[in-house]
Amino acid sequence: DIGHDNTFRDNTIQLPWRANGIAIYGGYDNSIENNLISDTANYPGIMLATDHSPLPFSGTTLIANNGLYRTGGAFWNEDQEFGAITIFPQTHDIVGVTIRDTDIVDSTYDGIQFKNGGGNMPDVKITNVRIDQSNNGSGILAMGGARGNAILSNVTVTNSRDGDVAKEPGSQFTFTGQ
């Protein structure tokens, strides 16, 4: 069966070691709501990914009303840098994503990161999100091999080392809105 209707709600997650704060690896109609996530050492505060041979994403995935503080990190001898929220379509598309009403503060790398992979990330909706102080990256970053698009509405980015919204060379990812 495909995982569905899984909800991560009203959690406080601190100091995970070699793990994400919260991760979803496929399925449909899942949500991550009203969580406080802080101090991830190596991985994202929130990760959507299609590694580990998952079943595909379909339907919706909602990330809403979360606070992420000092999340994201580097792993594998610092060969991989992760954003506070990372979307990683390694093998399949990641569809139906909405990120809204969320604060991302003091991230190690990017606030929201769209990673390279074999899949696409179409029509990601980012609404009422505040990103402050992405210390070693951008507020929002599309990596060089990222494919898809994000629609921004009422997104505020401040104090990010590498700018507000950035695309690495070779990225086919597009951003619309503000």
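Just above, that's the structure.
For clarity, every value in this text was computed on a predicted model and none was experimentally measured.

**Comments concerning the sheet that holds strand β11 (residues 85–88)**
Two orientations exist for strands paired in a sheet by backbone hydrogen bonds: parallel and antiparallel. Pairing is parallel in the open sheet, where 6 strands are placed in the order β3-β6-β11-β13-β15-β17. Sheet topology places β3 (22–24) and β17 (165–167) at the edges, where each strand pairs with a single neighbour. Each strand of the sheet is rotated relative to its neighbour by a mean of 10°, with strand direction disregarded.

**Considerations on the packing of aromatic side chains**
A full pass over the atoms with the stated rule returns 5 aromatic pairs. When the ring of Phe173 is compared with that of Phe175, the centres are 5.1 Å apart and the planes differ by 55°; the resulting orientation is tilted. Clustering of aromatic rings is evident, with ring pairs tying together Tyr43, Phe75 and Phe82. Across the ring face of Phe82, the terminal group of Lys115 is positioned such that the distance to the ring centre comes to 4.8 Å. Of note, Lys115 hangs over the ring of Phe88, and the distance from its end group to the ring centre comes to 5.9 Å.

**Describing the nonpolar core**
Ranked by internal contacts, the top residues of the largest apolar core, which has 32 residues, are Leu48, Ile87, Ile99, Ile112, Phe114, Val124 and Ile126. For this core, the leading source of residues is strand β14 (residues 121–132), giving 5 residues. With 6 residues, the next largest nonpolar core counts Tyr43, Met47, Phe82 and Phe88 among its residues.

**Observations concerning the pairing of strand β4 (residues 27–33)**
Where burial is concerned, most of β4 is hidden: 5 out of the 7 residues are buried. Where strand β1 (residues 7–9) meets β4, 3 bridges bridge the pair, whose relative direction is parallel. Looking across to β4, one finds that Thr7 is bridged to Ser31. One ladder, built from 6 bridges, connects β4 with strand β7 (residues 57–64); its direction is parallel. Bridge assignment links Glu33 to a residue of β7, and that residue is Ala64.

**Side note on the environment of Gly163**
Here Gly163 shows up in the loop between β16 (148–158) and β17. Under the relative-accessibility criterion, Gly163 is labelled partly exposed at 26%. The sequence separation of Gly163 and Ser138 amounts to 25 residues, and the corresponding C-alpha distance is 5.0 Å. Excluding its chain neighbours within four sequence positions, the residues that come into contact with Gly163 are Gly137, Ser138 and Gly139.

Parameters at a glance
- Sequence order as written defines residue numbering, which begins from 1 separately in each chain.
- With the structure being a predicted model, the display of local features is reserved for residues of pLDDT at least 70 and the display and counting of side-chain atom pairs for 80 or more, all residues being used for whole-chain, interface and lining totals.
- Think of the side-chain values as coming from all heavy atoms in the structure, minus any hydrogens and water.
- Only when DSSP finds a minimum of two bridges between them are two strands counted as paired.
- Helix and strand definitions here come from DSSP, where helices need a minimum of 4 consecutive H or I residues and strands a minimum of 2 consecutive E residues; each element is numbered from the N-terminal end.
- Orientation is described by lines fitted to C-alpha atoms, with helices fitted over the stretch in contact, and by angles between N-to-C directions that extend from 0 to 180 degrees.
- Here a Phe, Tyr or Trp ring, Trp counted by its six-membered ring, pairs with any other such ring whose centre lies within 6.5 Å, and the pair is stacked when the planes are under 30 degrees apart, edge-to-face when over 60, and tilted otherwise.
- Over a ring means this: the NZ of a Lys or the CZ of an Arg is within 6 Å of the ring centre and within 35 degrees of the ring normal.
- Remark: nonpolar core denotes a set of buried residues (Ala, Val, Leu, Ile, Met, Phe, Trp, Tyr, Cys) joined through side-chain atoms within 4.5 Å.
- Relative accessible area decides the class of each residue, using a 1.4 Å probe on protein chains only: under 20% of the type maximum gives buried, over 50% gives exposed, and in between gives partly exposed.
- Throughout, a contact is declared for two residues whenever any of their heavy atoms are within 4.5 Å.

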